[in-house]
Amino acid sequence: MTHQTPEAYIHDVAAAAANRSHNEPEFLQAMSEVLDTLVPVLQEHPEFVDAAVLERLVEPERQILFRVPWLDDNNKVQVNRGFRVQFNSALGPFKGGLRFHPSVNLSVIKFLGFEQIFKNALTRQRIGGAKGGSDFDPHGKSDEEVMRFCQSFMNELYRYIDEQTDVPAGDIGVGAREIGYLFGQYRRITGRHESGVLTGKGKVWGGAEVRTQATGYGTVCFAQEMLNRTGEDIEGRRALVSGSGNVAIYAIEKITQLGGIPVTASDSSGYIVDEQGIDVELLRQI
């Protein structure tokens, strides 16, 4: 039985993780921010300290790093890195998105996977946390190039996923098109047609009816519930929305449906402001 205070225990866990992952700043920042909030939990449950729960929590169960060679439209071989960090399956199968973006590295994937543990736990659906992706940039690529990349990516990833073990989804740079290519290659390799191995597919492949709108709508519904707790409402309020992709578009749409006025949208190059409210159909065209 330890007599270490929660603060000292958290400090020791964070220091050990920083020493082990010193070149992963995004992960270390996310880890520290979460650990710093856990003092009251450890005060109420000192047995967590004795069981080394936090030491296990901050170390992924499995980290997979692999090469992804693919052929571009000029018949030149390109090589990217692929990642899948299966962080924690204490509650159930790993679950978390795949991100295709030049900024992706192991630190980013670990940071996202670590936070996914807690996001998924809040659903109470008995699912663990994971994240994956590649430094491949689908922007500006042809459909054929994206398809060839996704097929090569799945040639390695299929070894580590199935509906009982790890169920990836989409994220930045991975929409229904990419998920479709990935799922098609998974079926081709394994001969298995279970629709539950990847979420975010088109409806024809077993995807959910409301999957496209879910995150954007859910964000606004969550805000609406927060306002309702204090007797307030979204109707008539101005709202600032960050982004202009799938999540932002449907957040803007739902705000408008609820009588709010979404006045901003943005991307990596800047932002727009429309005091009268963003025209969501015009935003879709842009």
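Let us look at the structure shown here. Numbering of residues starts from 1 in each chain and follows the order in which that chain's sequence is written. Owing to the predicted nature of the model, reporting of local features is limited to residues with pLDDT of at least 70; listing and counting of side-chain atom pairs is limited to 80 or more, with chain, interface and lining totals taken over all residues. With hydrogens and water excluded, all non-hydrogen atoms of the structure serve as input to the side-chain values.

### Things to note about the overall build of the protein
In plain terms, the rule: Secondary structure counts use DSSP, requiring at least four H or I residues in a row for a helix and at least two E residues in a row for a strand, with both numbered from the N terminus. Note on method: radius of gyration uses C-alpha positions; expected globular size equals 2.2 Å times residues raised to 0.38. A simple rule labels every residue: compare its accessible area, found with a 1.4 Å probe on the protein chains alone, to the largest value its type can have, and call it buried under 20%, exposed over 50%, or partly exposed in between. Contacts between residues were defined by any pair of non-hydrogen atoms, one from each residue, lying within 4.5 Å. The Shrake-Rupley method, run with a 1.4 Å probe, gives the accessible areas here. Residue values count only the displayed protein chains as cover.
Summing up its helical and strand segments, the protein has 11 helices and nine strands in all. Compactness check: the protein gives a C-alpha radius of gyration of 21 Å against a globular reference of 19 Å for 286 residues, within 12% of the reference. Seen through its principal axes, the protein has C-alpha atoms that stretch 60 × 55 × 35 Å. Burial analysis of the protein (286 residues in total) assigns 41% to the buried set. Within the protein, contacts between residues at least 6 apart in sequence are counted, and of these 65% link residues at least 24 apart. Within the structure as shown, the protein displays about 15700 Å² of accessible surface, and the carbon and sulfur contribution to it stands at 52%.

### Here's the deal with unusual backbone geometry
Despite not being glycine, A52 has its phi angle at roughly 55 degrees, a positive value. Along the chain, A52 falls in the loop between α4 (47-50) and α5 (53-57). With a phi angle near 60 degrees, N75 is a residue other than glycine that sits in the positive phi range. For N75, the location among the structural elements is in the loop between β1 (62-71) and β2 (77-88).

### Describing the nonpolar core
Heads up, the condition is: Nine residue types can take part in a nonpolar core, namely buried Ala, Val, Leu, Ile, Met, Phe, Trp, Tyr and Cys, and a core is a set of them joined through side-chain atoms within 4.5 Å.
Ranked by size, the top nonpolar core spans 24 residues in total, and within it I10, M31, L35, L54, V58 and F114 carry the most contacts. For this core, the secondary-structure elements that each account for two or more residues are α1 (6-20), α2 (25-35), α3 (39-44), α5, β2 and α6 (106-122). When neighbours within four sequence positions are excluded, V58 is seen to be in contact with V13, A17, F27, M31, L35, F87 and F114.

### Focus on the pattern of salt bridges
So the rule is basically this: Each salt bridge in this description consists of a side-chain nitrogen of Lys or Arg and a carboxyl oxygen of Asp or Glu lying within 4 Å of one another.
Tallied over the entire structure, the rule returns 14 salt bridges. With a closest N to O distance of 3.1 Å, R192 and E163 form a salt bridge. With R192 in the loop between α8 (176-190) and α9 (211-229) and E163 in the loop between α7 (143-157) and β5 (166-169), this residue pair connects regions lying 29 residues apart in the sequence. Classification of R192 as partly exposed rests on a relative accessible area of 29%. When the shortest N-O distance is used, the salt bridge between E178 and R177 registers 2.7 Å. A residue is classified by how much of its surface remains accessible, and E178, at 5% relative accessible area, is buried. The class of R177 is partly exposed, set by a relative accessible area of 32%. Residues joined in a network through salt bridges with shared partners are R99, K131 and D171.

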